[in-house]
Each structure stands twice: as structure tokens, then as C-alpha cells.
Amino acid sequence: MTYTPSRRFILAAGIAALVAPRIALAGPADAMHKSRELRRGLTNSMADVTMTITAQGRASVRKMRQYVLETPNSGNQTINVFSSPADVQGVSILTHSALNGDDRQWLFLPSVGRVKRISSSNRSGAFVGSDFAYEDLSSLELEKYEFTAAGTSAVGGVNAIEVTYTPRYSGTGYSAIRSYLDPSHYQPIQNHYFNRRGEHMKTLHLGGYKSYGGGAIWRPHHLVMTDHAKGSTTEIVFSAFRSNGTAAANFSANRFERVS
Amino acid sequence: MQRAGLLTCALALHGAAVLPAAAQSIDVGGFVGIEALRFADSDLEPDSIDSLTAELRARGDLSESLSFDLRLYGRATPGEPEGSYVDPTVAKLTWRRGPWQLDVGYDLVFWGVAEGRNVVNVLNQRDQIRDLFFDRGLGQSMIAARWFGSSVTIEAFVLPRFEELDFGAEGRPWGLGLPVDGDAATFESAKGADHIDYALRLSGVAGDLEYGVFAFDGTLREPQYRLGPQGQTLVPHYRLGRQIGAEAQYTAGPALYKFEGVRVWPDSDDSYWSTIFGVEYLLGETFGQPWDTSLFAEYYHDSRRDDSSVLFQNDLFLGTQIRLPGTRDTEFEIGAIFDLEHDGVIGSVSLSSRLTRNLRASAEYIYADASDPDDALFNARDFDQASFGLEWHF
């Protein structure tokens, strides 16, 4: 595996060197800004994703290959190509995350050879029947949220940085999201999601963090989302992670269908 | 038969390319299935058709710039050899370098933005045995050169062989009033199905607007029907002609606004134009349930208002698609096209769901009703049919 550090990587490395020893924070937005910077830098990455949805004692597995392109002045661009279940093999979704939450999405249906622009307004809808909503999987862009509080809280034996924020975009299913950041790398180890009535409806556990670029870039490789109302869970495992995905030009509506 | 011959050539080409062990990775998949079709009018003969279906897909890279893509669809209908076929829906080699792409072989190309029907989807012949509403296409042999810009794509097509509509056995009903003798099809071109067609298309994205324009010169995919020698059958006749078309879709939050239009100049007939205006609306919840529901409304217009053999001259399509939550990817669709002039209607209700990890089931009921003899749907008024399918995917 080869890895060429980008300018963003060098910037992130510098930030990591400056902030790693510190826990005290000026404010919630600062904490999330640092969290975001320490996640970015793998400009064009790829991973195999295994999603296991367990509900009412029955497990269902979906597999996909995910390509992510970080862009300097807008949100991430993502291609998800499904390989399992077999009847959706080859179906792919291109998402251009927007800083204001108005993501753009295209769907490729290989059975009819059609690329279709689809509405992304149903942000609170379940992603392929999982416990993740579309908005949970959209890239974390600071402009999409209003950060309201920061503090510290003990989570899983870690004195975590607690940040609460509210989505600014329309169509959200949440009144608030609370993230608990590991102070050693500023990445979330738990997210709590509160529905429009203010009830704690879902919890996301993030783990299996691996660092790239000498500790400057951190990515979770294991996610478990629990829906407390439904009693269901969705586990996501990232494997075969590579820092060289597909050509940047393929993250466009006229070319993403060629990616497999 | 001709299709099978070309398929053999395509397979040989693929085999030759794969054998040097240059393949870096090959993805293989497909399905085998059964399908039962029942006609509600028991006076029809046959009143039921049962088929075995299968599809094999393979895709892989042969080198950094060369790849292959194969999708063979087959249907075997016991007792109806004319309804049994193998279609190389996709069987092509693709060469890519920078913004350029060249495809050679059979391919499936979709143009259009509407849901009920597509007037600009003119390259591939429709597989009406597989899908009466023309969503499915037969493979089309082509050489396609594409240039991809950052927001614009330019495509040029050479289409060396024409695929006819497949009508199955002669007695199979198609709602046309008389049986269709597909084997007796005639062509305006002296070269018949070997006439070479050409097409050019420009498409792109500008913000929330998607658009495409095209020009086509060759054999028109939609046949006209002529009475057979004894006056007891209809014979498809494929005309030559030129056409230009445009499509556009504008996305505004949950609403998608759509347009398709085509102007056709048949060599031996008057010109005409067909248009579609539509809107699709995505509901986040339905009746308080977390269903993913899309609503569709489309208006169809055709300038051949005085030709009673033409469908969808002044019609309205209303439909909905509901995707239920859960891991079975269950979809329910209901829709109908209403003739605003003659009061005829044709519609369908369908349901599909994954039963097990590999097994998918589907059911569809198609209904039609018409009372006006001037309505093109009049001969389809007793055409109601139900189909059930099971597919095991691998």
C-alpha cells in the first residue's frame, strides 16, 4: 500500500502536534473542528463495508464497497457499490455532501442501465433498512450544525470531551446530537441521538480506530448503532481499507456507474 | 437465431481476451427463476404461460485501461419455442483512457427521466416479453465513443444491427386485436435488420438541472402494424427515419420536475412529436409510518391525435412507489395511465420482496379497460393478466 501525504495531511499533522497534549477546550465548535481535521487527509480512500442489521433476533448482512473523496471547499463525495444481497449487486449510490445539508444523490440501477438523480430530502429515512439514517452517514461538515455545549464526561473509562450540537438543515429527525470525543485523538467514541421530542432514541458506538500518517489521521473501523425504541442494532465493519480509491473524476454523475 | 450467432462471436471475443490470464479481478453473479403468467380472459389461447428465466453477469478488468462486461439473459418457455430466447443484454469490451471511453459489443443504454414511459429512450429495443411496460431493454450491438467532461458528456453511436420486438408465439395476445406474426416483419430499409443506425447525444449537469439532447438516424424501434396476407394477423413494419429529442430534470428538495420530448421524421410518413411533462415527489413518511414513498404524475402528449392506433396521445399517468422499512427491500407500486379523450385506462399493481437472503419474489397484476373503439386501448380491454415470479440470486 502506498500513501502520499496531501497538503491537508500535513496541516492535520501540524494540528495534531499542537493539540494532542491538551484536553481543555475553548468551545464545542473548536472541539468538532479539531475532530474533523484529524479525520481528514486520506483524500481519496476506499474500504469494503460489511453491515449487519439485527432486529427481532434475525440478522441480515449487506456488503458494499465504499469510495470517499474529500474535497477542499465542499462536503465529501461518496460512492457506495452494493455486492450483497445478490439481487442488489451492482446497484450504486453517488452522494455529494453539501455544507448546508442539501446533499445531491444519484442512483445507478444496472438492471435497466439507468442513472437517476434522486431526492435526498428524506434525511431521516433509514439507509437500506438499517438503524443508520441517511443524515448519520453524511459527512460531518461544521456548517450543518449549531454547537451548543461542551464539557467532559466519563464514557467507557475515558474522560471524554462532550459536545452537543443541533442540525441546522431541514428534514432532520433529530433535535440534538451529543458526541463524546476521546481526548487522545478527538474522535467520537459514542454519539447519542435525540429525536424531535428530545428523547434519546439511538446510540452509536465507534471503535477500532486506526491512525494513518503517523497519528495525524484517525478513522473508526467498527461502528454499532442501537435503536433503543426498536431494539435493533446495526454493526458496520470497515475492512480492506486503502488510501488510494478510484479516480477523482469518477465521483461525477456521468461516470460513477463504471466504479465497481 | 441471429442474436444467438452474435452472442457466440461476443463470447469468443471475451474468451480470447480472458485466456491470457490478464484479468485482475472478475465479479460473477446472476439468477435463475420461474415465472407464471395468467391471462384473466380465459377465451384467450394460450391463457397461461410458464417460463424459466436466468441471467449470468460477469465483469472484470483485463488491464488498466481495458475491461469486459457480460450480462446474458435467457428465457425458456415450454411449448412456446418462439418465446424462448437468449439476449446478450450486455456483452462488451470497454477501453478507457482519461476522459475517453470506447465500448464495443452489446450494451444497454438508458435515456430519459420519466417513470411511466420514456419517449427519448430510443437506442435499445424493448423486451416486451419480460416487461409489458417497456422498462426492460434488449441488448443492442454498438460501437460507442464517449468523451466525459467535468459536467458534460458527448456520445456517438454506430449501431450495426437492429433488434426486432419479440412477440413470442403467434397466438400470444398483445392487446392489438389480432395475433402478431413477428417472423413476417418487414423493413423499409433494403438491408433489413442489417441497416446501420447512428446516434449522437450530449448530456450534462448544471447545478440541480440534468439535461440531455440527442439525434438519431436509422430504423425506428417502434413498429407500425400491417394486416397479414390473410387478414388474420398483424405484421410489424419497421420504418426508417430521423429523430431529435431532449430531456431535462430539475430537482428542488423533495420534488423532481421532468420533461421528455422527441420530434420524429419517418422517411415515408408525416412527422410527429411526443412529449412528457412530469413531477415526482418524495414523502418522508406515509400515514405516520417510516415508509419511503414516491408519488408520480406525468402528462403524455402525441401530435398524432387523429391516429387511433397511437397510444398515449393525451393521457395522464398517476402512480406511487412505496419502499417499506426493513431489510427485505420490499417495494409496492401502483399506477395507471388514463386516456383523457377516450376514458380508457391501463394500469398495474406490483409487489416485490426478498424472502430469504437469495430468494426474491414478485407479483404483478396488469389491468386495462376501454369502451371507445377509437381508443388505441380498445383491443386491450380484456387484456388483464397476473404474473408471479421467483428468482434465486447468486
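Each remark here, short or long, concerns the structure printed above.
Since the structure is predicted, the reported quantities are computational estimates derived from the model, not experimental observations.

Draft legend 1. The nonpolar core, seen in detail. If you look at the biggest cluster of nonpolar residues, it comprises 47 residues, and the most contacted ones within it are Met 32, Phe 82 and Val 163 of chain A. Beyond its immediate sequence surroundings of up to four residues, Met 32 of chain A is in contact with Leu 140, Leu 142, Phe 147, Val 163, Tyr 165, Ser 179 and Leu 181 of chain A. Phe 39, Val 122, Tyr 272 and Ile 337 of chain B belong to the second-largest nonpolar core, a separate cluster that totals 34 residues.

Draft legend 2. Focus on the interface of chain A and chain B. At the interface, 32 residues of chain A touch 46 residues of chain B. Buried area between chain A and chain B, both sides added, is near 3200 Å², and the carbon and sulfur share of it is 40%. In terms of surface lost to chain B, no three residues of chain A exceed Arg 114, Arg 117 and Arg 258 of chain A, which account for 20% of the buried area on that side. Taken together, the connections running from chain A to chain B amount to 8 salt bridges. Taking the shortest distance from any N to any O, the salt bridge between Glu 280 of chain B and Lys 116 of chain A comes out at 3.2 Å. Here chain A is connected to chain B by 25 residue pairs in polar contact (both at pLDDT 80 or more). Within the residue set of the side of chain A that touches chain B, elements represented by two or more residues are strand E2 (58-69), strand E5 (104-109) and strand E6 (114-118) of chain A.

Draft legend 3. The pairing of strand E5 (residues 100-107) of chain B, seen in detail. Residue and element names in this part refer to chain B. Two strands pair when backbone bridges link them, and strand E4 (residues 85-97) and E5 are joined in this way by 7 bridges, in the antiparallel orientation. Across the sheet, residue Arg 97 finds its bridge partner in E5, namely Trp 100. Linking E4 back to E5 in an antiparallel pair, the connection comprises 2 residues, with Gly 98 at a positive phi of about 55°. Across 8 bridges, the pairing between E5 and strand E6 (residues 140-148) is antiparallel. Following the sheet pairing, Tyr 106 is matched in E6 by Ser 141.

Draft legend 4. Focus on the packing of aromatic side chains. All names here are of chain A. On inspection of all chains with the given rule, the structure shows 20 aromatic pairs over all chains. Centre to centre, the rings of Phe 147 and Tyr 165 are 5.3 Å apart; their planes meet at 45°, and the pair counts as tilted. Taken together, the residues Phe 147 in strand E7 (residues 145-155) and Tyr 165 in strand E8 (residues 158-167) connect sequence positions 18 residues apart. Of the residues examined, Tyr 165 reaches a relative accessible area of 4% and is grouped as buried.

Parameters and conventions
- Residues numbered from 1 in each chain as written.
- Chains lettered and ligands numbered in written order.
- Predicted model: local features only at pLDDT ≥ 70, side-chain atom pairs only at ≥ 80, totals over all residues.
- Heavy atoms only, no water.
- Core = buried A, V, L, I, M, F, W, Y, C linked by side-chain atoms within 4.5 Å.
- Buried < 20%, exposed > 50% of the residue type's maximum accessible area, 1.4 Å probe, protein only.
- Contact = heavy atoms within 4.5 Å.
- Buried area = accessible area lost by both parts, 1.4 Å probe.
- Salt bridge = Lys/Arg side-chain N within 4 Å of Asp/Glu carboxyl O.
- Polar contact = N/O pair within 3.5 Å; in protein donor to acceptor, adjacent residues only side chain to side chain.
- Helix = DSSP H or I, 4+ residues; strand = E, 2+ residues; numbered from the N terminus.
- Pairing = 2+ DSSP bridges.
- Phe/Tyr/Trp six-rings, centres within 6.5 Å; stacked < 30°, edge-to-face > 60°.

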